Amino acid sequence: MYSKLPQVGQSIFAQMTALANQYQAINLAQGFPNFNPPDALIEFFYGALKSGMNQYAPMPGYLPLREQIANRMYSRYNKTVDPQSEITITTGATQAIYSIISACISPGDKALILEPAYDSYGPSVLVNSGIPIYVRMDEPSFDIPWQKIKDAIQQNDIKVMILNNPHNPTGRIWTREDYMKLIEITKDKKILFIFDEVYDALVYDGKKHISALEFPEFWENSFVCFSFGKTFHTTGWKIAYTIAPIDLTNELRKLHQFTVFSVNTPGQYANAKFMEYDPDFINGLSAFYEVKRNFFLEGLKETNFSALPCEGSYFVLAQHENCVNDEAFCHHLVKDKKVAAVPISAFYHDRYDPKIIRFCFAKTDDLLESALTLLKE
Ligand code: PMP
Ligand code: GLN
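Because the structure is a prediction, the values reported are computed rather than measured.

The rules we used
- Residues numbered from 1 in each chain as written.
- Chains lettered and ligands numbered in written order.
- Predicted model: local features only at pLDDT ≥ 70, side-chain atom pairs only at ≥ 80, totals over all residues.
- Heavy atoms only, no water.
- Core = buried A, V, L, I, M, F, W, Y, C linked by side-chain atoms within 4.5 Å.
- Buried < 20%, exposed > 50% of the residue type's maximum accessible area, 1.4 Å probe, protein only.
- Contact = heavy atoms within 4.5 Å.
- Helix = DSSP H or I, 4+ residues; strand = E, 2+ residues; numbered from the N terminus.
- Expected span 1.5 Å × (residues − 1).
- Pairing = 2+ DSSP bridges.
- Axes fitted to C-alpha atoms, helices over the stretch in contact; angles between N-to-C directions.

Within the largest apolar cluster, 112 residues are counted, with the highest numbers of intra-cluster contacts made by Ile 149, Met 161, Ile 243 and Phe 359. Not counting residues within four places of it along the chain, the set of residues in contact with Ile 149 comprises Leu 112, Leu 114, Val 135, Ile 144, Met 161 and Ile 185. Core analysis: the next-biggest nonpolar cluster, separate from the first, contains 20 residues, Cys 104, Val 125, Cys 225 and Leu 248 among them.

Now for helix 3 (residues 63-77). Over its 15 residues, helix 3 runs 20 Å from end to end, which matches the ideal 21 Å to within 8%, given 1.5 Å per residue. The positive-phi residue at the C-terminal boundary of helix 3 is Asn 78, with phi of around 55°.

On to the sheet that holds strand 2 (residues 87-90), then. Read across the sheet, seven strands follow the order 2-8-7-6-5-3-4 without closing on themselves; strand pairing throughout is mixed. Because the sheet does not close on itself, it has two edges, and the strands there are strand 2 and strand 4 (131-136). When the angles between neighbouring strand axes are averaged without regard to direction, this sheet yields 20°. Strand direction decides the pairing type here: strand 6 (residues 192-196) and strand 7 (residues 222-227), joined by four bridges, are parallel. By the bridge assignment for strand 7, Phe 195 is matched with Val 224. Here helix 10 (residues 246-259) sits on the sheet in contact with strand 2, strand 6, strand 7 and strand 8 (240-243), set at roughly 25° to strand 2.

With respect to the secondary-structure elements, Ile 173 resides in the loop between strand 5 (158-164) and helix 7 (176-186). For Ile 173, a relative accessible area of 9% translates into the label buried. Through-space distance from the C-alpha of Ile 173 to that of His 209 is 7.6 Å; in sequence the pair is 36 residues apart. Discounting residues that sit within four places of it in the chain, Ile 173 has contacts with Asn 165, Pro 166, Asp 178, Val 203, Lys 207, Glu 311 and Gly 312.

Below is the structure:
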């Protein structure tokens, strides 16, 4: 049968959620909160529906939302961006990344991807007849493997690098020195960067997310992707944004206009109103999720799991002495313990298995507690 992506199956997140439903298990697999967004945000959405904001939004996005985003980028990252020409609202970061890759990758172009990696990167490169060059981060530290990256860049003509910080699934974050290293090893190359920063508001222990936007060295060659799904507890609204200089933004929009054209109007309106109404909501997210992270990590100590450090995102990686195959182990967990997790082999193109699994702690305390009780048994 014809297939452009014969090696690609159903996403692990959909698979694990289906299994969680089938076995009536607690779903700590797919990354989404099990609680509602703030009431005011919902009211703004409802108000938009009632007041007739039900037709196409402008192709690049509802302008007041782009203006709010520009304010946020300035106050958070000291970066001035033009809402008209440098911000595009997308249907989630997944669509942004797909459209950017389609806009940048021609047949035979190489894209460097650090693994473990969010599962859409590789297939998005492949479907555009690009060549993913995978570089593995070594477990259990998952430090950025600078020497391997340097070697890969020397041995390959890399067109695009896709980088994710805070990192899913490892929870690692970048330091200023990491960015300086990247600048140093790429300075003589013409590489386009896709910085996936969808978890930018979720960094813990008093640390601050450092965005690629803070480095003028990257600006001309970079797309920086963020997502409201993570910041407003609205993964199902699929509203995100990409920031890039005008030339790159124009290239992204050429694809964006033919993949989605524009993102749902009431959701964009609601996000804009909410950012104006409660500009500090986003700043409070780290404290909000840090409590959950700590609760979950403390609870795991009473189980036979050992957790790896989590500096950002809403994921915790864990090892277990009985885990000899992470996929089989996750199947056992969901079926017999009624807790769903994600095997991180799914984040490697060759299904490399570090025997580590991922839990999502973006859940209410009672659900986390119930999950921990089941995991203790
Ligand atoms: N990048 C990473 C690293 C993610 O974990 C996710 C999904 N949560 C996305 C991109 C996609 O975000 P969205 O839901 O906005 O499409
Ligand atoms: N990013 C989410 C995760 O890592 C899931 C996104 C999706 O289901 N496509 O769990």
